[in-house]
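What the coordinates show
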Amino acid sequence: MSYYTDNRNLADGGSDSRRMGDRVSGNDAGKVQNTGNEHGGNGVQGKPGEIQCNRKNVCLLLSALVLGILFDVLFNGKPLGVSYPIFVVAFYGIFKLNLRDRLKVKPDFGWALSVPVLLLSLTYLLFSNEIFRVLNFLAIPVLVVLQTTLVSDSARYEWYTPGVLYDLIIGFVYRPLAFVGKPFALVSKLIRSKMKGDRYNTLGKVLIGILVSVPILLVTIPLLTSADIVFESFLGEIPELLRKIALDRYISHIFVALVIALLAFSYMWSMLYQKNNIVGFDWIGDVGVSAGPDTAVPGVSGEGAPGADGRNGKPEGGYMKKWDPVITVTVFCVINLIYLLFTFIQFSYLFGSLSIGLPEGFTYSEYARRGFFELVAVTVINFSLLLVFLHGTGKGAGTVNMAARVLFSLLVFNTGVMLFSAHFRMSLYEEAYGYTYLRLLTHAFMVFLLVLFIITLYRIWRESVRLLRPYIITAIAAFVIINYINIDVIIARNNINRYYDTGKIDMHYLSRLSWDAVPELVKLMENGDEKVSRVTEDCLYRKKEGLDRSEPWQSFNLSKYRAKKLLSKYELEYHGESTEGLDGYMEDFD
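Residues numbered from 1 in each chain as written. Predicted model: local features only at pLDDT ≥ 70, side-chain atom pairs only at ≥ 80, totals over all residues. Heavy atoms only, no water.

**A few points about the overall build of the protein**
The helix and strand inventory of the protein stands at 24 helices and 0 strands. With 590 residues in all, the protein has 44% of them scored as buried. When contacts within the protein are restricted to residue pairs at least 6 apart in sequence, those whose partners lie at least 24 apart make up 77%. Surface exposure of the protein reaches about 31000 Å², of which carbon and sulfur atoms provide 63%. (Helix = DSSP H or I, 4+ residues; strand = E, 2+ residues; numbered from the N terminus. Buried < 20%, exposed > 50% of the residue type's maximum accessible area, 1.4 Å probe, protein only. Contact = heavy atoms within 4.5 Å. Areas by Shrake-Rupley, 256 points an atom, 1.4 Å probe, with all protein chains shown as cover.)

**Some remarks on the packing of helix α20 (residues 487-502) against helix α22 (residues 518-525)**
To describe two helices that pack against each other, one gives the angle between their axes and the distance between the axes. For the pair α20 and α22, interaxial distance at closest approach is 8 Å and the crossing angle is 20°. Judged by the angle between their axes, α20 and α22 are roughly parallel. Between α20 and α22 the crossing geometry is left-handed. The residues of α22 that touch α20, namely those facing Val489, Ala492, Arg493, Ile496, Tyr499 and Tyr500, are Glu520, Lys523 and Leu524. Residues belonging to the contact of α20 with α22 are distributed by class as follows: 6 nonpolar, no polar and 3 charged. (Axes fitted to C-alpha atoms, helices over the stretch in contact; angles between N-to-C directions. Parallel < 35°, antiparallel > 145°, perpendicular 65-115°, else oblique. Left-handed = near helix turned anticlockwise from the far one by under 90°. Nonpolar A, V, L, I, M, F, W, Y, C, P; charged D, E, K, R; others polar.)

**Overview of the nonpolar core**
Ranked by size, the top nonpolar core spans 39 residues in total, and within it Phe95, Leu99, Phe265, Met268 and Trp269 carry the most contacts. Within the residue set of this core, elements represented by two or more residues are α4 (55-75), α5 (83-98), α7 (114-126), α8 (130-151), α9 (164-178), α10 (182-194) and α13 (248-274). If one sorts the elements of this core by residue count, α13 sits on top with 8 residues. (Core = buried A, V, L, I, M, F, W, Y, C linked by side-chain atoms within 4.5 Å.)

**A word on the confidence of the model for the protein**
Scored by pLDDT, the protein comes out at a mean of 74, with 70% of its residues at no less than 70. Summarising per-element confidence for the protein, the mean pLDDT is lowest in helix α1 (residues 7-10) (37) and highest in α5 (92). (pLDDT = per-residue confidence, 0-100.)

**Some details on α9**
Because the α-helix completes a turn every 3.6 residues, residues three or four places apart line up on one side. The end-to-end C-alpha separation of α9 is 20 Å, in line with the 21 Å expected for 15 residues at 1.5 Å each. Maximum bend of α9: about 40°, positioned at Gly171. All buried positions along α9 are accounted for by Val164, Asp167, Leu168, Ile170, Gly171, Tyr174, Arg175, Pro176 and Ala178. (Expected span 1.5 Å × (residues − 1). Bend = angle between axes of the 7 residues up to and from the residue.)

**Points about the packing of α22 against helix α23 (residues 530-547)**
Where α22 contacts α23, the two axes come as close as 8 Å, and the packing angle between them is 145°. By crossing handedness, the relation of α22 to α23 is classed as left-handed. Every residue of α23 that contacts α22 at Val518, Leu521, Val522, Leu524 and Met525 is listed here: Val532, Ser533, Thr536, Glu537, Cys539, Leu540 and Lys543. Considering only residue class, the contact of α22 with α23 consists of 8 nonpolar, 2 polar and 2 charged.

**Focus on helix α17 (residues 398-433)**
The end-to-end C-alpha distance of α17 is 52 Å, a good match for the 52 Å that 36 residues give at a rise of 1.5 Å each. Gly434 lies just past α17 and shows a positive phi near 95°.

**Focus on a nonpolar patch on the surface**
On the surface, Leu65, Ile69, Val73, Ile254 and Leu258 cluster together into a nonpolar patch covering about 430 Å² of accessible area. The set of elements that each furnish at least two residues to the nonpolar patch consists of α4 and α13. Broken down by element, the residue count for the nonpolar patch peaks at 3 residues, all from α4. Here Ile254 lies in helix α13. (Patch = residues over 30% accessible without salt bridge, like charges linked within 9 Å, V, L, I, M, F, W, Y side chains within 5 Å. Salt bridge = Lys/Arg side-chain N within 4 Å of Asp/Glu carboxyl O.)

**Re the pattern of salt bridges**
In total, this model carries 4 salt bridges according to the counting rule given. With a shortest N-O distance of 4.0 Å, Asp101 and Lys56 are connected by a salt bridge. In this pair, Asp101 is assigned in the loop between α5 and α6 (109-112) and Lys56 in helix α4, connecting sequence segments 45 residues apart. The exposure class assigned to Lys56 is partly exposed, which follows from its relative accessible area of 26%. A salt bridge links Glu520 to Arg493; the shortest N-O distance between them is 3.1 Å.

Now the structure itself:
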């Protein structure tokens, strides 16, 4: 008999057992009824998949927090010793406390595993062999996961079959992570019970928006600090302020305790309410996500996701769930605040000709040359965020919708500044180090991104516009244009002009350009500088040798034909001239 079914269906209790018909017997139907009541909380049925603020769930939350604090006290920054068996005993005590209704002590393999787990954990107290300390460090978690899965009746396979590997993978990967959002949902429920509905809903959505923006900022802020040393210097002063109030002494401890608490909560929650019915990840719970046509989270809809009908995982009317607009507004407020600071620094230091002055120890060339790829990476991240939230945000009140549009537009503006900053930096870099394929193609890519952002900006204010069509057209047009601008001619011409301005040129790189660059190299050969002329003539001599080789008519190429016709007018000689002294090495991003 299989219990593999969605727990949201189980919340319907007896009605589910009747619908299951021949698949569930009378006794088993009672188990289903039990599970539904426990999930809903004390026999009071809640919405499908909704967490309840009953004593059992609050106890699980508090005990998981205690376990997290204990882990930090015992292990954070400390060598393993007696701490290991103490933590193992504490874990089993909390596990027994929260799953006492499911655990029945009996003489079987699952309970017998307590002996090796305890003995192995005691080795950290009794012995000091480094090899076995490492091996036990790996073995004990495996035995603990196997035992807790077996004694809680959460295994899908017998422990002596190959399927036990599946249960172990579920225990290590799924159970600790699948419900890490439940504690936040439970805390929000507790807050909701103390606050009026409207105030709670807005506060909860704002908090979710802040939480969503944190991982985004964890990615974008390091990129921005790497891209701009002034921005990095500015943010570098913040840790100094924090050190004065000694926050750094507690942050790591708080982080470790919370992570362990979340993992422990999720692990025991999965066994308390799901057992072996693995249906999918539930990161957010029911906070800030309401059923209906206009509110949902991308990726939550679909098979196995909670829907308006509570049965087939799809809301009535076929609508997907979307982000609440308040959450979206919060996320983009936080992100845009950081970007506005970065934009201010760009206008003050980079575009403003350094009128304010750079931080001590930084030179203008160092400031201008770094950060291009980081800025492009942030631009791509912003573009992805914009598309996700633009399509994944539901309808809200008029003011909220307008705020979302303004913030979307502000993100486009800030990203435009980043693109211009990247373009400006790359131009300065090219002036100092020359022009190459990669450097010019990155300019083209930035222009392409800018066009996509302009199209997206139009879509922000005209909801009827479908983006995929103009995106595809733009991409095709951009690819055709980049093929026809004759990038070899641009590279050769710009590097030759740079030579006239600086006296630096990389003939080795120019010699590797295609036949399209031959007319520009001929001009360089006639520049009047004897050394450069001789080096260029050597380059053209080798190219002419290649052009003189006979090829079938099927290989005719107009670029080669023009180059051959042009070089045929010159009696070229090979001088074996060294490029030493030209000082123009310009490999991509040396």
